[in-house]
Amino acid sequence: MVFVLLRRADHGIRAQHEMMQERERLYRYQFAHSSAVMLMIDGSSGSIVDANDAALAFYGYSREKILALNINQINDLPVSEWKKTIASIGDEYGERFAFRHRLADGTVRDVEVADSRIPYGGQKLLHSIIFDVTQRKRAENALRESEDLQRMLIDSIDAGVVIVDDETGLIERVNPCAAALLAQSPDAIAGSIYQSYLSSAETTELSEMQGKSDQSEEGFIVRKDGARVPIMRSGRKIQIGGREKVLETLVNITPLKKAEGKLRESEENFRTFFESINDIIVVATPDGRFIFTNGQFHHKLGYSSEDLREMHLLDLHPANRREEAASIFASMLRGERSSCPLPLSSKTGTIVPVDTRGWFGRWNGEPCFFGICKDLSAEQEAQERF
């Protein structure tokens, strides 16, 4: 009975051993003929115990040469670092690591290595499957460098830049100028709905601005505290990482608006001053086209603004004095004289005696002629009475 049990036990052990041998033969076959780069490594010493044909082709070594190498002659990690790294590999699960491996010709490749511990040839070895990720790493580095350059350029722009996801309308990033404009940190702004910062009554919707790279509009940014900041806004669609984004540029035009307000105030004061003068005031281009006339001009001469559109400055003089007036105007243009004694003619043909003082200057940044005509009618009437 004992003999039978021992025989059965021996038979079972032999069958189990044969099964393990068969598995190892199958594994050796798969190892040898796999297209994946594979190495068998002694985890304690780092010696390369076996390499498949794909590994020989990848590293550029003959079988004899590669089996004479230690993995640390291929891996650029220091031996102590490599041993510390592989110590995390358990018996029942593998690990994946990023290394840099040196080939026979000295070329260094970025690799990802899937390591696990398996029984092989009567010992427990480190089974390494090597994946060449050099091209992927280069693409990632190029993308990273491109993104860094893009970030540097955007951050250096002296205007607010906001990048918005086209689909969700969420802000993905802002540059320092935009953060200052919105009076929040970039982290606080990221993830917010862009439209929440826009004054809907005075700015175009985001969807209407998309793709209109040549279009700008004035509007307001509304800060979280309710403060409204006047801006000049433009937007265009861009591609980042294969996804549609909207890049909006925001320029703070508060100084411009203040300057415009002061200019309007100055112009109103200027106009009020001109309108309060009892003299006739004319502003014209150097070629005689009217730019501005005051109320006394229209009151005393009777011409409307529509009339002046078709008239020349010399048309204000009587027809028989216009040639003389043209000569005097030319002298003024040359700076040879500053006055003209010729009378003016009203719309109804009434002759209005005046003494005209004229000089050339600039109006809205453009060259112009200023004329102030003192009405001498009352003086002449007084002289005639006496």
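Just so we're clear, the structure is a prediction, and the values are computed from it rather than from any experiment.

**Some remarks on the environment of Val-222**
Link 1 in the chain: The residue Val-222 is located in strand S8 (residues 216-222) in this model.
Link 2 in the chain: Taking the C-alpha atoms as reference points, Val-222 and Leu-181, 41 residues apart in sequence, are found 9.7 Å from one another.

**Examining the side chain of Asn-75**
Link 1 in the chain: The topology assignment puts Asn-75 in the loop between helix H3 (63-67) and helix H4 (79-86).
Link 2 in the chain: Polar side-chain contacts of Asn-75 include one of 3.0 Å to the backbone nitrogen of Leu-77.
Link 3 in the chain: If we ignore the near neighbours within four places in the chain, the residues touching Asn-75 are Trp-82, Phe-99, Arg-100 and His-101.

**Considerations on the environment of Ile-240**
Link 1 in the chain: Its place among the elements puts Ile-240 in strand S9 (residues 228-240).
Link 2 in the chain: Separated by 75 residues in sequence, Ile-240 and Asp-165 have C-alpha atoms that sit 9.7 Å apart.

**Overview of the packing of aromatic side chains**
Link 1 in the chain: Going through the model one piece at a time under the given rule, you end up with 10 aromatic pairs.
Link 2 in the chain: Aromatic ring contacts, followed pair by pair, group Phe-292, Trp-359, Trp-363 and Phe-370 into a single cluster.
Link 3 in the chain: Directly above the ring of Tyr-197 sits Lys-224, whose terminal nitrogen or CZ lies 4.9 Å from the centroid.

**A word on a nonpolar patch on the surface**
Link 1 in the chain: Together, Leu-149, Met-152 and Leu-153 make up a nonpolar patch on the protein surface, roughly 300 Å² of accessible area in all.
Link 2 in the chain: Along the polypeptide, Leu-153 turns up in helix H5 (residues 134-156).
Link 3 in the chain: A residue is classified by how much of its surface remains accessible, and Leu-153, at 47% relative accessible area, is partly exposed.

**What about the confidence of the model for the chain?**
Link 1 in the chain: Considering every residue of the chain, the mean pLDDT works out to 84; 87% of them sit at 70 or more.
Link 2 in the chain: Mean pLDDT values over the elements of the chain span from 50, in helix H8 (residues 206-209), up to 95, in H3.
Link 3 in the chain: In the predicted structure, residues 2-6 sits below a pLDDT of 50 and forms zero contacts with residues beyond four places in sequence or in another chain.

**Details of the pattern of salt bridges**
Two side chains that carry opposite charge are able to pair once their charged atoms sit near each other.
Link 1 in the chain: On inspection of all chains with the given rule, the structure shows 24 salt bridges.
Link 2 in the chain: Between Arg-100 and Asp-76 there is a salt bridge; the shortest N-O distance is 3.6 Å. With Arg-100 in strand S3 (residues 95-102) and Asp-76 in the loop between H3 and H4, this pair connects stretches of sequence that are 24 residues apart.
Link 3 in the chain: The class for Arg-100 is partly exposed, based on a relative accessible area of 36%.
Link 4 in the chain: One salt bridge connects Lys-237 with Asp-166, and the closest N-O pair in it is separated by 3.8 Å. Here Asp-166 lies in the loop between strand S6 (160-165) and strand S7 (171-174) and Lys-237 lies in strand S9, a separation of 71 residues in the sequence.
Link 5 in the chain: The exposure class of Asp-166 is partly exposed, given its relative accessible area of 23%.

Cut-offs and rules
- Residues numbered from 1 in each chain as written.
- Predicted model: local features only at pLDDT ≥ 70, side-chain atom pairs only at ≥ 80, totals over all residues.
- Heavy atoms only, no water.
- Helix = DSSP H or I, 4+ residues; strand = E, 2+ residues; numbered from the N terminus.
- Polar contact = N/O pair within 3.5 Å; in protein donor to acceptor, adjacent residues only side chain to side chain.
- Contact = heavy atoms within 4.5 Å.
- Phe/Tyr/Trp six-rings, centres within 6.5 Å; stacked < 30°, edge-to-face > 60°.
- Lys NZ or Arg CZ within 6 Å of the ring centre and 35° of its normal.
- Patch = residues over 30% accessible without salt bridge, like charges linked within 9 Å, V, L, I, M, F, W, Y side chains within 5 Å.
- Areas by Shrake-Rupley, 256 points an atom, 1.4 Å probe, with all protein chains shown as cover.
- Salt bridge = Lys/Arg side-chain N within 4 Å of Asp/Glu carboxyl O.
- Buried < 20%, exposed > 50% of the residue type's maximum accessible area, 1.4 Å probe, protein only.
- pLDDT = per-residue confidence, 0-100.

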